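Listed below, chain by chain, are the residues.
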Amino acid sequence: QVQLVESGGGLVQPGGSLRLSCAASGSMFGIYTMGWYRQAPGKQRELVAIITSGGSTDYAYSVKGRFTISRDNAKNMVYLQMNSLKPEDTAVYYCNARIIGYEYWGQGTQVTVSS
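The structure contained in this document is the topic of the report that follows. Note on numbering: residues in each chain are counted from 1, in written sequence order. The predicted nature of this model means local features are confined to residues of pLDDT at least 70 and side-chain atom pairs, given and counted, to a pLDDT of 80 or more, with totals for whole chains, interfaces and linings taken over all residues. The basis for every side-chain value is the complete set of non-hydrogen atoms in the structure, without hydrogens or water.

**Let's talk about the sheet that holds strand 8 (residues 77–82)**
Inclusion rule: Note: two strands are recorded as paired if DSSP finds a minimum of 2 bridges between them. Numbering of helices and strands runs from the N terminus; a helix is a DSSP stretch of H or I covering at least four residues, while a strand is a stretch of E covering at least two. Helix axes are fitted to C-alpha atoms over the stretch in contact, other axes to C-alpha atoms as well, and angles between N-to-C directions run from 0 to 180 degrees.
Strand order in the open sheet formed by four strands is 1-3-8-7, with antiparallel pairing between adjacent strands. Strand pairing shows two members of the sheet lacking a second neighbour, strand 1 (4–7) and strand 7 (67–72), which therefore form its edges. Between one strand and the next, the sheet's axes are offset by a mean angle of 15°, whatever the strand orientation. Both strand 7 and strand 8 contribute to a ladder of six bridges, which runs antiparallel. Opposite Arg 71, over in strand 8, you have Val 78 as the bridge partner.

Next up, the structure:
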């Protein structure tokens, strides 16, 4: 099975930036569609961004133009660059990997945007 470990979360002021990282185990990383999701207290987990094995990306409307997802298959890493952060971005951010019939999640990393 794939193991995912997120890092890079923390406290940042509105308008600031953070880069989240997700390290994946295994030798088959390149075949997975990777995604970042987030969940705020009392709310459902929502998609933030995805990137396919071929490098195609898609974003939630709320983060489009501010966040960028990328991957480095040689390093088994996926990243989420977050710019122009807003208080509404505060949540636990989770890394996700999926292929047909399988889905894996990381433990999450907290992002707090506050003055």
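**With respect to the state of the cysteines**
Just so we agree on the cut-off: The disulfide definition used here is simple: a pair of cysteine sulfur atoms within 2.5 Å. Residue exposure (1.4 Å probe, protein chains only): buried if accessible area is under 20% of the type maximum, exposed if over 50%, otherwise partly exposed.
One pass over the structure, following the stated rule, counts one disulfide. Linked covalently through their sulfurs, Cys 22 and Cys 95 form a disulfide whose S-S length is 2.1 Å. For the disulfide bridge between Cys 22 and Cys 95, the dihedral angle about the S-S bond is near -85°, and by the sign convention the bridge is left-handed. Here Cys 22 is found in strand 3 (residues 18–24), whereas its partner Cys 95 is found in strand 9 (residues 91–99), with 73 residues between them in sequence. What makes Cys 22 buried here is its relative accessible area of 0%.

**Observations concerning the side chain of Arg 66**
Rule in force here: Distance and chemistry together define a polar contact, namely a pair of N or O atoms within 3.5 Å, with one atom able to donate a hydrogen and the other to accept it when in protein, and with adjacent residues in sequence counting only for side-chain atoms on both sides.
Along the chain, the position of Arg 66 falls in the loop between strand 6 (57–59) and strand 7. By relative accessible area, Arg 66 is classed as buried at 11%. Among the polar contacts listed, one links the side chain of Arg 66 to the side chain of Asp 89, at a separation of 2.8 Å.

**Details of the pattern of salt bridges**
Rule in force here: Just to be clear on terms, a salt bridge is a Lys or Arg side-chain nitrogen sitting within 4 Å of an Asp or Glu carboxyl oxygen.
Tallied over the entire structure, the rule returns three salt bridges. The residue Glu 46 makes a salt bridge to Arg 38 at a minimum N-O spacing of 2.8 Å. On the basis of relative accessibility, which here comes to 36%, the residue Glu 46 falls in the partly exposed class. For Arg 38, a relative accessible area of 6% corresponds to the buried category. Each of Arg 38, Glu 46, Arg 66 and Asp 89 takes part in a single network of salt bridges with overlapping partners.

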